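For reference, the chains in residue letters:
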Amino acid sequence: MKWLAPVITVFTLAAACAPAPTADETREKLPASDLTSGYKFLQADTQALQDDDFANPGFLWVDRGRALFAAAPQQSKACAACHGEDGAELKGAAAHYPSVDETTGKLTNIEGRINLCRTRHQGLEPLDYETDDLLSLTAFVSHLSRGEPVKVDVSGPAEVWYRRGEDYFFTRRGQYNLACNQCHNDNWGRQLRGDTISQGHGTAFPGYRFEWQSLGSLQRRLRDCDAGVRAEPLAYGSDDYLAVELYLAKRAEGLPIEVPGVRR
Ligand code: HEC
Ligand code: HEC
């Protein structure tokens, strides 16, 4: 993680000369007027790749997801049978996720929502995170909301999840003892050897990263950030990461969905 060394230096220096209360306690939020997608901090050629539907490698998964969506599994119905050809009825849906599923009362992201449809409506087994099939279906469904501003419900049964995600965001962790907010609220825009720390929004995911040479889920990105501060990454689909997804979505409210994003 070549960007970490300078980050650590920055924080060590900051701690040495300014023993002010840490952001962890004050929980200072990003001012709405500053809201900026990570796209803005990409190099021009990476932005151009994201913008070109023919060159953007993420479309390999979107197209595969479209085919899976249309195909009826043996002795079962196709997604398209219930949600319209090319997912016409799911346009905009992903911009309101994660949300609480009424039947289970549990917070559900798009991956979880797809798996609920598989088990509940198709009689199929759930798919694992980062399998080609789940990535493809998630990319396809999320891409149907490309350009839609994020807007999530954090009231009622969602509120405890939101608070839980906020707690995670402001808690220092790992060998480097850093919290999400210290990079993504307090130091965004800072240049680190060619990498710029963004505000840490999830709106480009599932997204294609050069580092992965693949499309990956938002939770894979979160695992990389946790690993980056030498904390043990959580299991895919854990309640804490689901809660963080909701917190991030609320924090990004108004930014458009970019799926499939392209990132370093
Ligand atoms: C037999 C009908 C049926 C099939 C097949 C089906 N779904 Fe669903 N889907 C539903 C129903 C009904 C809901 C509403 C929530 C519920 O009752 O589970 C839903 C909800 C959803 C939502 C959330 C929509 C929203 O506005 O919040 C998504 C996304 C979705 N399905 C995707 C899929 C995908 C992808 C597949 C194929 C892997 C699929 N569904 C297969 C019936 C189906
Ligand atoms: C040591 C600094 C640091 C910490 C702490 C950190 N990140 Fe990151 N994060 C980065 C860097 C660097 C990137 C890649 C460049 C960027 O910011 O988009 C990144 C990327 C991201 C992205 C993708 C943004 C995009 O547009 O592609 C998300 C989402 C994210 N982080 C969320 C988090 C969350 C949630 C936490 C806490 C669990 C966290 N990060 C902790 C440094 C950090």
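Read on for a plain summary of the structure. (Residues numbered from 1 in each chain as written. Chains lettered and ligands numbered in written order. Predicted model: local features only at pLDDT ≥ 70, side-chain atom pairs only at ≥ 80, totals over all residues. Heavy atoms only, no water.)

Here we look at the pattern of salt bridges
Inference 1: According to the stated counting rule, one finds 19 salt bridges in the structure shown.
Inference 2: A salt bridge links D167 to R27; the shortest N-O distance between them is 3.0 Å. Remark: R27 occurs in the loop between α2 (23–26) and α3 (44–51) and D167 occurs in helix α8 (residues 159–169); sequence separation between them is 140 residues.
Inference 3: Assessed through its relative accessible area of 38%, D167 is described here as partly exposed.
Inference 4: When the shortest N-O distance is used, the salt bridge between R120 and D101 registers 2.8 Å. (Salt bridge = Lys/Arg side-chain N within 4 Å of Asp/Glu carboxyl O. Helix = DSSP H or I, 4+ residues; strand = E, 2+ residues; numbered from the N terminus. Buried < 20%, exposed > 50% of the residue type's maximum accessible area, 1.4 Å probe, protein only.)

Description of the coordination of the iron atom of ligand 1
Inference 1: Around the iron atom of ligand 1, the protein contributes the donor atoms H83 (NE2) and C117 (SG), which lie 2.0 to 2.3 Å from the metal centre.
Inference 2: Coordination at the iron atom of ligand 1 is octahedral: its six donor atoms span angles of 86 to 178° at the metal. With H83 in helix α5 (residues 79–83) and C117 in helix α6 (residues 110–121), this pair connects stretches of sequence that are 34 residues apart.
Inference 3: C117 gets classed as buried once you look at its relative accessible area, which sits at 17%. (Donors = N, O, S within 2.8 Å, 3.2 Å for Na, K, Ca; no water. Tetrahedral: all angles 85-135°; square planar, octahedral: opposite > 155°, others 65-115°.)

Quick word on the packing of aromatic side chains
Inference 1: In total, this model carries 11 aromatic pairs according to the counting rule given.
Inference 2: Centre to centre, the rings of F170 and Y247 are 6.4 Å apart; their planes meet at 70°, and the pair counts as edge-to-face. In this pair, F170 is assigned in the loop between α8 and α9 (180–184) and Y247 in helix α11 (residues 239–251), connecting sequence segments 77 residues apart.
Inference 3: Each residue in the set Y162, F169, F170 and Y247 is aromatic and connected to the rest through ring pairs, giving one cluster.
Inference 4: Positioned above the aromatic ring of Y168, the side-chain terminus of R173 is 3.5 Å from the ring centre.
Inference 5: Residue placement shows R209 over the ring face of W212; its charged tip is 4.9 Å from the ring centre. (Phe/Tyr/Trp six-rings, centres within 6.5 Å; stacked < 30°, edge-to-face > 60°. Lys NZ or Arg CZ within 6 Å of the ring centre and 35° of its normal.)

Description of the coordination of the iron atom of ligand 2
Inference 1: Around the iron atom of ligand 2, the protein contributes the donor atoms H184 (NE2) and C225 (SG), at 2.0 to 2.3 Å from the metal centre.
Inference 2: Coordination at the iron atom of ligand 2 is octahedral: its six donor atoms span angles of 87 to 179° at the metal. In this pair, H184 sits in helix α9 while C225 sits in helix α10 (residues 218–228), placing the two residues 41 residues apart along the sequence.
Inference 3: The exposure class assigned to H184 is buried, which follows from its relative accessible area of 16%.
Inference 4: Under the relative-accessibility criterion, C225 is labelled partly exposed at 28%.

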